[in-house]
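Geometric and topological summary
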Amino acid sequence: MRRARPTFVTTLLAASLASAAGCRDARSPAHAPTVVVSYAGSLAHPFAPALAEYTRRTGVRVVSQTAGSLEAARRITELGDVPDLIALADEDVFASLLVPEHVATYTIFARNRMVIAYTPSSRHADALDSATWWQTLSRPDVEVGRSDPALDPNGYRALLVLQLAERQYAEPGLEQAVLARSPARNVRPKSADLVALLQTGALDYAFAYESVARSAGLRWLSLPPSIDLGDETRAAEYARVAVRVPGASPSDTITMRGAPIHFALAIPRRAPHAAEGERLRDFLLSPIGRRLLTKGGLDVVNAPASSSAQRRHDDRG
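In short, a report on the structure.

Strand order in this open sheet of six strands is β2-β1-β3-β12-β4-β13, and the pairing throughout is mixed. Each of the sheet's edge strands pairs with one partner strand only, and the pair in question is β2 (61-67) and β13 (299-307). Across the sheet, the mean angle from the axis of one strand to that of its neighbour is 20 degrees, orientation sign disregarded. Sheet analysis places strand β4 (residues 106-111) next to strand β12 (residues 262-266), joined by four bridges and oriented antiparallel. In the sheet register, Ala110 faces β12, and the bridge partner there is Phe263.

Put into structure tokens, the structure is as follows:
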């Protein structure tokens, strides 16, 4: 269990202001080039300083849009709202919803893992440990938060973690016992929305990415690698569990299988300012960009890898 400095709320406020007005250097003229970036809410903290530095260096205005990764993808598939660069918290969202019609290739740039986030005032925090954590989260006086699996990968990953835990601990009903403490009132569109609820005491615990817990200054419990979706060597084990979520349209569903957590980014095929999007992508993947993202709490990969893989059609329904 670890703790970090409380910087998350301040950064999210900055990111929100950037979403409304664009992130740009005060000296940039109103007619400066513009690039629109859509990214997962869990990337708000690490992206804010990186995007600000890009603007400082180039004078390009960066307009930010944050949402759950599935919601961000559907803005493209359903609404035709196409950004110049899109960064999502699950590479499988690209493979399932965007490749090949809307995105040709995407690049994996960071890893993550699932944790249980909490605060010093969380009920029964003194009893929380990596062997019996699910018992603490199942107590009748506890409030557990999670994000919406239909909108946000963190939401369906929470369900995958619970399925893996039920298998590992040989405890039938474990998933439902924890979900009983996480009713609809505790579900939010994206995982970053849960931070304030934890900090104000409305929630005792929440399923979160380690990077978000660290950035927010929250305490967190590290889960065993066999269930935290963070171990690259356990892909086959993780793939034994799956969750179905809405697909590219209201009548479509897709299967999201357990897999090591990879964040990825791409330039959409119909990006209005594709050249600017490519320049920003190259900056984020450069040594300077990766250093800024790492400073923001991300576990950035040393060698970003591109892929154009598309999920098998038999995973759709």
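So that's the structure; there's more coming.
If you walk through the whole model with that rule in mind, you get 15 salt bridges. In this structure, the salt-bridge partner of Arg113 is Glu210, at a minimum N-O distance of 3.7 Å. Here Arg113, found in the loop between β4 and β5 (114-118), pairs with Glu210, found in helix α9 (residues 210-216); they are 97 residues apart in sequence, far enough to count as distant. For the salt bridge of Asp299 with Arg113, the shortest nitrogen-to-oxygen distance reads 3.2 Å. Taken together, the residues span a long stretch of sequence, with Asp299 in strand β13 and Arg113 in the loop between β4 and β5 at a distance of 186 residues. Asp299 sits in the partly exposed class, given a relative accessible area of 26%. Taken together, the shared-partner salt bridges connect Arg111, Arg113, Glu210, Arg214 and Asp299 into one network.

The end-to-end C-alpha distance of helix α2 (residues 44-58), which contains 15 residues, comes to 21 Å, matching closely the 21 Å that a straight helix rising 1.5 Å per residue would cover. All buried positions along α2 are accounted for by Ala44, His45, Pro46, Phe47, Ala48, Ala50, Leu51, Glu53, Tyr54 and Thr55.

Looking now at the packing of helix α3 (residues 69-77) against helix α4 (residues 91-98). For any two helices packed against each other, one specifies the crossing angle of their axes together with the interaxial distance. Where α3 meets α4, the closest approach of the two axes is 10 Å, and the angle between their N-to-C directions is 30 degrees. Compared by their axis directions, α3 and α4 come out roughly parallel. In this structure, α3 crosses over α4, and the sense of that crossing is right-handed. On α4, the residues touching Ser69, Leu70, Ala73, Ile76 and Thr77 of α3 are Val93, Leu97 and Leu98. For the contact of α3 with α4, the class distribution of residues is six nonpolar, two polar and no charged.

Reading the values: the criteria
- Residues numbered from 1 in each chain as written.
- Predicted model: local features only at pLDDT ≥ 70, side-chain atom pairs only at ≥ 80, totals over all residues.
- Heavy atoms only, no water.
- Pairing = 2+ DSSP bridges.
- Helix = DSSP H or I, 4+ residues; strand = E, 2+ residues; numbered from the N terminus.
- Axes fitted to C-alpha atoms, helices over the stretch in contact; angles between N-to-C directions.
- Salt bridge = Lys/Arg side-chain N within 4 Å of Asp/Glu carboxyl O.
- Buried < 20%, exposed > 50% of the residue type's maximum accessible area, 1.4 Å probe, protein only.
- Expected span 1.5 Å × (residues − 1).
- Parallel < 35°, antiparallel > 145°, perpendicular 65-115°, else oblique.
- Left-handed = near helix turned anticlockwise from the far one by under 90°.
- Contact = heavy atoms within 4.5 Å.
- Nonpolar A, V, L, I, M, F, W, Y, C, P; charged D, E, K, R; others polar.

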